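In case you want the letters, here they are:
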Amino acid sequence: SAVISQKPSRDICQRGTSLTIQCQVDSQVTMMFWYRQQPGQSLTLIATANQGSEATYESGFVIDKFPISRPNLTFSTLTVSNMSPEDSSIYLCSVGQVGTGLTYEQYFGPGTRLTVT
Amino acid sequence: AQSVAQPEDQVNVAEGNPLTVKCTYSVSGNPYLFWYVQYPNRGLQFLLKYITGDNLVKGSYGFEAEFNKSQTSFHLKKPSALVSDSALYFCRGDNNDMRFGAGTRLTVKP
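Only a predicted model underlies this, so the values are computations on that prediction, with no experimental measurement involved.

Caption draft 1: Geometry of the interface of chain B and chain A. At the interface, 21 residues of chain B touch 22 residues of chain A. Together chain B and chain A conceal approximately 1700 Å² of surface at their shared face, both sides included; 54% is due to carbon and sulfur atoms. Taken together, the connections running from chain B to chain A amount to zero salt bridges. Applying the counting criterion to the chain B and chain A interface returns four residue pairs in polar contact (both at pLDDT 80 or more). Every element with two or more residues in the side of chain B that touches chain A is listed here: strand 5 (33-38), strand 6 (44-50) and strand 10 (87-93) of chain B.

Structure, rendered in structure tokens:
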């Protein structure tokens, strides 16, 4: 398994500003993912960030709004740019590790609760 | 690619009773199926997965899931529910598609 930490755990930001969320893993992993989750609802995949390649964004998410860095195998950042109240959500970092049958077992960080005022 | 559906937004059971959280899937090929749990104010935790082999898969916290190919289902079960099992449960399908079902909120009442 992998232990994942995220910083900050929560923040309240003003609209128009940007926030960078950090994700640190205790082991080297190839696959990292960023999700967004409204409280009590399902997760929406924002992007996949594999080390050594550009992040791959899902439909509805663009690099200018959610730039991602992946400088090494244990760290990634997600920036929420030019924030609006609609960006208020929980942002989750996740990693994938190859398990039985070459399937990926996914582990999640505790999340960053963002409120935009 | 695969997709999963969780037909119930909410499941309520009494403590000590058996619980079932439903998940159905659509797939072309062999399915890979996973269950995750999210306790209040915490991140998601992996519960169990089906890749191949026995249709009954045992996982963490006493949970198990039954893969049923004819019904294209992968329902999560526990013989005796605990109040502490109250949480959000998510089904996920596929190996490379990191998307989740809509989620089911399980409430276990004393």
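Caption draft 2: Representation of the pairing of strand 11 (residues 104-109) of chain B in the model. Residue and element names in this part refer to chain B. Here strand 11 shows a buried face lined by T104, L106 and V108 and an unburied face lined by R105, T107 and K109. Bridge count between strand 10 and strand 11: three bridges; the pairing is antiparallel. Within strand 11, the position partnered with Y89 by the bridge is T104.

Caption draft 3: Main features of the packing of aromatic side chains. Under the defined criterion, the tally for this structure stands at 13 aromatic pairs over all chains. Judged by centre distance (5.7 Å) and plane angle (75°), the ring pair of A:Y35 and B:F100 falls under edge-to-face. Pair noted here: A:Y35 is in strand 4 (residues 31-37) and B:F100 is in the loop between strand 10 and strand 11, and the two residues belong to different chains. Under the relative-accessibility criterion, A:Y35 is labelled buried at 0%. In this structure B:F100 comes out as buried when scored by relative accessible area, which is 11%. Ring geometry for B:Y39 versus B:Y61: centroids 6.1 Å apart, planes at 85°, classification edge-to-face. Taken together, the positions of B:Y39 in the loop between strand 5 and strand 6 and B:Y61 in the loop between strand 7 (56-58) and strand 8 (64-68) put the pair 22 residues apart, joining distant regions of the chain. On the basis of relative accessible area, B:Y61 is assigned to the partly exposed category, the value being 44%. Ring pairs connect the aromatic residues A:Y35, A:F108, B:Y36, B:F46, B:F90 and B:F100, which therefore count as one cluster. If you follow B:R92 out to its NZ or CZ, it ends over the ring of B:F100, 5.8 Å from the centre.

Caption draft 4: Looking closely at the pairing of strand 8 of chain B. Residue and element names in this part refer to chain B. In this structure, strand 7 lies alongside strand 8, joined through three bridges in antiparallel fashion. Within the sheet, the bridge partner assigned to L56 lies in strand 8 and is E66. Once strand 7 ends, the chain turns through five residues before running back antiparallel as strand 8, passing Y61 with a positive phi of about 60°. Pairing analysis gives five bridges linking strand 8 to strand 9 (residues 73-78), with the strands arranged antiparallel. By the bridge assignment for strand 9, E66 is matched with H75.

Caption draft 5: A look at the sheet that holds strand 11 of chain B. Residue and element names in this part refer to chain B. If you trace the five strands from one edge of the open sheet to the other, you get 2-11-10-5-6, paired in mixed fashion. Because the sheet does not close on itself, it has two edges, and the strands there are strand 2 (10-14) and strand 6. Adjacent strand axes in the sheet meet at a mean angle of 25° when their direction is disregarded. Looking at chain direction, strand 5 and strand 10 are connected through six bridges and run antiparallel. Looking at strand 10, one finds that V37 is bridged to Y89.

Caption draft 6: Inspection of the state of the cysteines at higher detail. Following the criterion strictly, the structure yields two disulfides over all chains and no others. There is a disulfide in this structure between A:C23 and A:C93, and the S-S distance comes to 1.9 Å. Sign of the S-S torsion, about -65° for the bond between A:C23 and A:C93, identifies this disulfide as left-handed. With A:C23 in strand 3 (residues 19-25) and A:C93 in strand 9 (residues 89-98), the pair connects residues that are 70 residues apart, well separated along the chain. Residue A:C23 is classed as buried on the basis of its relative accessible area, which comes to 0%. In this model, B:C23 is linked to B:C91 through a disulfide, with the two sulfur atoms separated by 2.0 Å. Classification of the bridge connecting B:C23 and B:C91 rests on its S-S torsion, roughly -60°, and on that basis the disulfide is left-handed.

Reading the values: the criteria
- Residues numbered from 1 in each chain as written.
- Chains lettered and ligands numbered in written order.
- Predicted model: local features only at pLDDT ≥ 70, side-chain atom pairs only at ≥ 80, totals over all residues.
- Heavy atoms only, no water.
- Contact = heavy atoms within 4.5 Å.
- Buried area = accessible area lost by both parts, 1.4 Å probe.
- Salt bridge = Lys/Arg side-chain N within 4 Å of Asp/Glu carboxyl O.
- Polar contact = N/O pair within 3.5 Å; in protein donor to acceptor, adjacent residues only side chain to side chain.
- Helix = DSSP H or I, 4+ residues; strand = E, 2+ residues; numbered from the N terminus.
- Buried < 20%, exposed > 50% of the residue type's maximum accessible area, 1.4 Å probe, protein only.
- Pairing = 2+ DSSP bridges.
- Phe/Tyr/Trp six-rings, centres within 6.5 Å; stacked < 30°, edge-to-face > 60°.
- Lys NZ or Arg CZ within 6 Å of the ring centre and 35° of its normal.
- Axes fitted to C-alpha atoms, helices over the stretch in contact; angles between N-to-C directions.
- Disulfide = S-S within 2.5 Å.

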